[in-house]
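Coordinates in review
Here's the letter readout for the chains.
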Amino acid sequence: MTGHVTLIGGGPGPSDLITLRAARALNTADVVCYDRLGPTNDLPDLAPQAELIDVGKLPGHHRVPQDAINNLLITKARTGLHVARLKGGDPFVFGRGGEEINALTHAGIPVSIIPGITSAIAVPQSVGIPVTHRGISHAFTVLSGHNPPDNDQLHHLAHLNTTLIILMGMSTLATTVTGLLAHGMAPTTPTAIIERGFHTSQRTTRAPLDTLIEQAHLRRCTSPATIVIGDVVTALTDWVTTIDPPLLAPLTPPTPARGVA
Ligand code: SAH
């Protein structure tokens, strides 16, 4: 009897940021194949009966090749097991969830999918940055730093006047920021780098676009981090100060939000 695979979005880290549906699926899983991000620390509680297999990847060092992960999921499911494939955030946001679904479907394995809270939205939110805000930004674009925008895209992005969110963007930060400035994005555009969102070591660096590279270097910002570029970064500055003043202790003062009615 063939088992099945549940592809699960694990959210940005804490186990209370997964959905009830995800918690139920993990609770009945026989095997959990998990990544580096997501609620990995709490897996023994979330999936008490399951064999736990770390198939996580470190940036630049693909520890377990994607083919091997696909094969593992197929092999385990073929023995009749309920295999949970747990990913950080949402499985369809740079999570290669679609590739795994294709591989499993081609192998005749039934797959279901459970969405997760993506770090692209939740991590900025955790430090008071809304990805859209009436009168400030009516759209957001989520980019991967692994495939940095080319010149044509940089040109469009620099003139969109909406929110840019970059995941996996630390190693290509300098190229992206330099490109946006070269294509005419305002040097004063507020930006933030939020490292290790929702973890005890979470840290936010805020700076105008033209000093972001320098600030990231000075503060040795590292992955995993979510980068936000746009006026939304300062949209809720007053509120953020009331909840957590240290969040607003950047090396440069925050720029006032533009375009507020
Ligand atoms: N599917 C995931 C994204 C996978 S790409 C999602 O929807 O969230 C991995 C990247 O997401 C990291 O390099 C980082 O840019 C971002 N990321 C994931 N978790 C994060 C966290 N807790 N804090 C900051 N950035 C995070």
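Every chain begins its residue count from 1, and numbering advances along the sequence as written. Where totals are concerned, whole chains, interfaces and linings use all residues; where local detail is concerned, this predicted model gives features only for residues with pLDDT of at least 70, and gives and counts side-chain atom pairs only at 80 or more. Calculated side-chain values reflect all of the structure's heavy atoms, with hydrogen atoms and water omitted.

The name that an unreviewed UniProt entry assigns to the protein is uroporphyrinogen-III C-methyltransferase, with the source organism given as Jonesia denitrificans.

With that settled, consider the sheet that holds strand E9 (residues 203-208). Two strands are counted as paired when DSSP detects at least two bridges linking them. Helix and strand definitions here come from DSSP, where helices need a minimum of 4 consecutive H or I residues and strands a minimum of 2 consecutive E residues; each element is numbered from the N-terminal end. Read across the sheet, five strands follow the order E6-E7-E10-E8-E9 without closing on themselves; strand pairing throughout is mixed. The open sheet terminates on both sides in strands that have one partner only, identified here as strand E6 (140-144) and E9. For this sheet, the mean angle separating the axes of adjacent strands, direction not counted, is 15 degrees. Both strand E8 (residues 190-195) and E9 contribute to a ladder of six bridges, which runs antiparallel. Within E9, the position partnered with Glu195 by the bridge is Arg203. Any two residues whose heavy atoms approach within 4.5 Å at even a single point are treated as in contact. Every axis corresponds to a line fitted to the C-alpha atoms, with the helix fit spanning only the stretch in contact, and the corresponding angles, defined between N-to-C directions, vary from 0 to 180 degrees. Packing against the sheet, helix H5 (residues 119-126) makes contact with E6, strand E7 (163-167), E8 and strand E10 (225-229), and its axis sits at approximately 80 degrees to E10.

Near the ligand there are 18 residues, and of these Val93, Thr118, Ser119, Gly197 and Ala225 occur at the shortest range. Side-chain atoms alone can form a polar contact between residues adjacent in sequence; in general such a contact is a pair of N or O atoms within 3.5 Å, and within protein one must be able to donate a hydrogen while the other accepts it. Between a nitrogen atom of the ligand and a main-chain N or O atom of Val93, the distance comes to 2.7 Å. Starting from 540 Å² of accessible surface for the ligand in isolation, the protein chains cover 95%. Sorting the residues of the shell around the ligand by element identifies H5 and E10 as the ones contributing at least two each. Ten residue types, Ala, Val, Leu, Ile, Met, Phe, Trp, Tyr, Cys and Pro, are classed as nonpolar, four, Asp, Glu, Lys and Arg, as charged, and the remainder, Gly among them, as polar. Class assignment of the residues belonging to the shell around the ligand gives a composition of 10 nonpolar, six polar and two charged. Looking at which domains feed residues into the shell around the ligand, each of domain 1 (4-117) and domain 2 (120-234) supplies at least three. Only heavy atoms are used to decide nearness, and a residue is near a molecule or strand if one of them lies within 4 Å of it. Accessible surface area values rest on a Shrake-Rupley calculation with a 1.4 Å probe, where residue burial reflects the displayed protein chains alone. Residue ranges labeled as domains rest on an automatic or database domain assignment.

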